[in-house]
Amino acid sequence: MSIENYRNVLKHVEEACRRAGRDPKEVTLIAVSKTKPVSMIEELLPEGVLDFGENRPQELKEKYEILPKELRWHMIGHLQRNKVKYVVGRSCLIHSVESLRLAEAIQEEAEKKQLVMPVLVEVNMAQEDTKYGLTAEETPEFISQISKFPNLQVNGLMTIAPFVENPEDNRIHFRNLYKLFIDIKGRNLDNVNMCNLSMGMTNDYEIAIEEGATMVRVGTGIFGERVYL
C-alpha cells in the first residue's frame with residue numbers, strides 16, 4: 001500500500017511541477033516516517049526512495065542504526081538542545097532551527113564531530129501561537145548571526161503552514177516565504193547557501209510546489225494515518 005501511495009504522491013508532485021513550469025527534479029519528496037515501523041520504510045526502498053523525515057531525535061537515531069546508511073534522514077520536528085547529539089552526524093538536514101541557543105548547540109556538536117551541519121531556518125509565516133519559528137521580520141538578522149558559525153551552514157528556509165480545509169488558504173504563506181527566501185538569497189551572505197525551501201505537507205504540498213518549494217514533507221499521504229506512541 002505504501003508503494004502505491006508513494007507513486008501516487010510522486011505523480012501529483014510531477015503534475016504540480018508541470019503546472020508551475022518547473023522540472024520535477026527540483027523537488028525532493030520526503031517520506032515522513034515518524035511513528036512508522038522500520039518495515040514500512042523497508043517497503044519503499046526497492047522504489048529507490050532515499051529521503052525520510054523524522055520528528056523525534058531518538059526515533060531518527062534508532063532507525064538510522066538499523067536501516068541502510070545511504071538513506072537521507074531529515075530532522076523535521078522541534079529539536080531540543082539536549083537531543084542535538086542524536087541528530088548531528090545522522091541527519092542530512094535539520095529543518096527546524098529557530099533559536100540562537102539551538103544553533104549554538106548544533107555548532108558545538110558539529111565541531112565535536114568535525115563536520116558541517118546543513119540546516120534550514122524555521123519561519124512561522126502564519127504567526128500561529130501553537131507553532132515554533134521566527135517571524136519573517138526576524139529571519140534575515142537571525143541568519144546573519146548564525147552564518148558566523150563555522151560548523152553550521154544555512155541551506156534555506158522551512159515553514160509549517162496551518163492545517164486548513166482548503167489548501168488554497170495556505171498559498172499566501174508559501175508565496176510570502178518564497179519572497180523571503182529570494183530576498184535572503186540576494187544578500188549573498190558568507191556561509192549561507194539558500195538552495196532549499198521546505199514547505200508543504202500531505203494536505204497542501206501541490207500548492208507549495210506551485211509557489212516554489214524544493215522539498216515537500218508527506219507522511220499521511222504515503223504511510224496512512226499517524227500512530228501516536
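These lines cover the structure that appears in this document, whether it is placed above or below. Computed from a predicted structure; not experimentally measured.

### Things to note about the nonpolar core
(1) Moving on: Ranked by size, the top nonpolar core spans 64 residues in total, and within it Ile94, Ile106 and Leu157 carry the most contacts.
(2) Moving on: Excluding residues that lie within four positions of it along the chain, Ile94 makes contacts with Met75, Leu79, Val87, Val88, Ile106, Met117, Pro118, Val119 and Leu120.

### Observations concerning the pattern of salt bridges
(1) Moving on: Scanning the entire structure with this criterion turns up 16 salt bridges.
(2) Moving on: Between Asp51 and Arg72 there is a salt bridge; the shortest N-O distance is 2.8 Å. With Asp51 in strand S2 (residues 51-54) and Arg72 in strand S3 (residues 72-75), the pair connects residues that are 21 residues apart, well separated along the chain.
(3) Moving on: Its relative accessible area of 9% is what places Asp51 among the buried residues.
(4) Moving on: Across the pair Asp183 and Arg187 runs a salt bridge whose closest N-O atoms are separated by 2.9 Å.
(5) Moving on: Given the relative accessible area of 36%, Asp183 is considered partly exposed.
(6) Moving on: Salt bridges linked by common partners bring Arg19, Glu168, Arg171, Arg175, Glu206, Glu210 and Glu211 together as one network.

### Observations concerning the packing of aromatic side chains
(1) Moving on: Enumeration over the complete set of coordinates arrives at two aromatic pairs.
(2) Moving on: For the pair Phe52 and Trp73, a centre-to-centre distance of 5.7 Å together with 35 degrees between the ring planes defines the contact as tilted. Highlighted residues: Phe52 in strand S2 and Trp73 in strand S3, separated in sequence by 21 residues. Across the pair, exposure class does not vary: Phe52 and Trp73 are buried alike.

### A short note on the pairing of S2
(1) Moving on: Here S2 shows a buried face lined by Asp51 and Gly53 and a second buried face lined by Phe52 and Glu54.
(2) Moving on: Bridging between strand S1 (residues 28-32) and S2 involves two bridges; their strand directions are parallel. Residue pairing across strands places Ala31 opposite Phe52, the latter belonging to S2.
(3) Moving on: As a crossover connection, the stretch from S1 through helix H2 (residues 38-44) into S2 is right-handed.
(4) Moving on: Bridging between S2 and S3 involves four bridges; their strand directions are parallel. Bridge pairing in S3 links Asp51 to Arg72.
(5) Moving on: The parallel pair S2 and S3 is bridged by helix H3 (residues 57-66), and the resulting crossover is right-handed.

Parameters at a glance
Residues numbered from 1 in each chain as written. Predicted model: local features only at pLDDT ≥ 70, side-chain atom pairs only at ≥ 80, totals over all residues. Heavy atoms only, no water. Core = buried A, V, L, I, M, F, W, Y, C linked by side-chain atoms within 4.5 Å. Buried < 20%, exposed > 50% of the residue type's maximum accessible area, 1.4 Å probe, protein only. Contact = heavy atoms within 4.5 Å. Salt bridge = Lys/Arg side-chain N within 4 Å of Asp/Glu carboxyl O. Helix = DSSP H or I, 4+ residues; strand = E, 2+ residues; numbered from the N terminus. Phe/Tyr/Trp six-rings, centres within 6.5 Å; stacked < 30°, edge-to-face > 60°. Pairing = 2+ DSSP bridges. Right-handed = clockwise from strand over helix to strand, strands pointing away.

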